[in-house]
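Structure at a glance
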Amino acid sequence: MTMILYFLILFVELVILILVAVYGVTLLFSSAMGAPYVPTSKKRIDEILKEARLKKGQTFLELGSGDGRIVRNAVKQYNVSGIGIDINPTLTFIARLYAKKEKLKNIIFKTQSVFDTDLAKAHVIYLFLMPQLIVKLLPKFSQLPANTLLISHGFKLEGWDKKLYKVVKTEPFSTFFYRA
Ligand SMILES: C[S@@+](CC[C@H](N)C(=O)[O-])C[C@H]1O[C@@H](n2cnc3c(N)ncnc32)[C@H](O)[C@@H]1O
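1. Brief notes about the overall build of the chain
Summing up its helical and strand segments, the chain has 5 helices and 7 strands in all. Helices (α) and strands (β) of the chain occur, in sequence order from the N terminus, as α-α-β-α-β-α-β-β-α-β-β-β. Buried residues in the chain amount to 31% of all 180 residues.

2. Brief notes about the site of the ligand
Inspection of the region around the ligand gives 23 residues, with S30, P39, T40, G64 and G66 positioned closest. Mapped onto the shell around the ligand, the elements with two or more residues apiece are α3 (69-78) and β2 (81-86). Considered class by class, the residues forming the shell around the ligand number 12 nonpolar, 8 polar and 3 charged.

3. Brief notes about the pairing of strand β5 (residues 149-153)
Summarising burial for β5: 5 of the 5 residues are buried, a large majority. Of the two faces of β5, the one holding L149, I151 and H153 and the one holding L150 and S152 are both buried throughout. Pairing between strand β4 (residues 124-127) and β5: 4 bridges, direction parallel. Looking at the pairing, Y126 lines up with I151 of β5. Once the chain exits β4 it traverses helix α5 (residues 131-141) before rejoining the sheet at β5, and the crossover so formed is right-handed. Inspection of the sheet shows β5 paired to strand β7 (residues 175-179) by 5 bridges, in the antiparallel sense. In the sheet register, I151 faces β7, and the bridge partner there is F177.

4. A closer look at the domain arrangement of the chain
Domain parsing of the chain yields domain 1 (1-32) and domain 2 (42-179). Just the C-alpha atoms count here: the centres of domain 1 and domain 2 sit 32 Å apart. With 5 residues of domain 1 at the interface, the matching set in domain 2 holds 4 residues. Of the residues contributing to the side of domain 1 that touches domain 2, the split by class is 3 nonpolar, 2 polar and no charged.

5. What to know about the pairing of strand β6 (residues 164-168)
Successive residues of a regular strand alternate their side chains across the two faces of the sheet. β6 sits mainly on the outside: 0 of its 5 residues count as buried. Note that β6 and β7 share 4 bridges and pair antiparallel. From the neighbouring strand, L164 faces β7, where its bridge partner is Y178.

Quick notes on the rules
Residues numbered from 1 in each chain as written. Predicted model: local features only at pLDDT ≥ 70, side-chain atom pairs only at ≥ 80, totals over all residues. Helix = DSSP H or I, 4+ residues; strand = E, 2+ residues; numbered from the N terminus. Buried ≥ 20, exposed ≤ 12 C-beta atoms within 10 Å, placed from the backbone. Near = placed C-beta within 6 Å. Nonpolar A, V, L, I, M, F, W, Y, C, P; charged D, E, K, R; others polar. Pairing = 2+ DSSP bridges. Right-handed = clockwise from strand over helix to strand, strands pointing away. Domains from an automatic or database assignment. Contact = placed C-beta atoms within 7 Å.

Shown next as structure tokens:
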């Protein structure tokens, strides 16, 4: 009996170790693909979404959605449709679990690169990505339908100063609001 218990504990520990290792590897993968996983502070979410002035029925797209906290809150609080895109399959899996737990409808999470994402149908796009990745997205952003709201947390969009209409200054990251 003691032996069985011993091997059971050993097995559980091994599973936990493997899960932690897989999670760690996928986090390294996120960084390698252009942005490490650093979630937006929970304290900032309401403030950012309030400033977005979302309207029922709009489509809210989060590029590099992590655990989906922004897009999930947008859907929950403002009755919009939500799309979360992340290159990291572990994070999209976690985001889906949260969305299911919160019984959210009108929300999908896709494991895919921001470069393969169709931006045209989004009314509001939220991103918290590294400047090197943002620069590569600028050609896609310049093709957005007029009036699309782009919210960049942490970093400015280079060359978009004329379209910047609001900055919410907070530490350590400010949030920049643009109209395409
Ligand atoms: C700084 S985190 C932001 C997470 C989330 N948006 C938030 O604010 O809580 C950046 C996210 O972008 C994802 N990412 C990195 N490179 C990507 C790429 N090329 N395409 C899609 N997602 C990417 C990472 O996996 C990570 O989850």
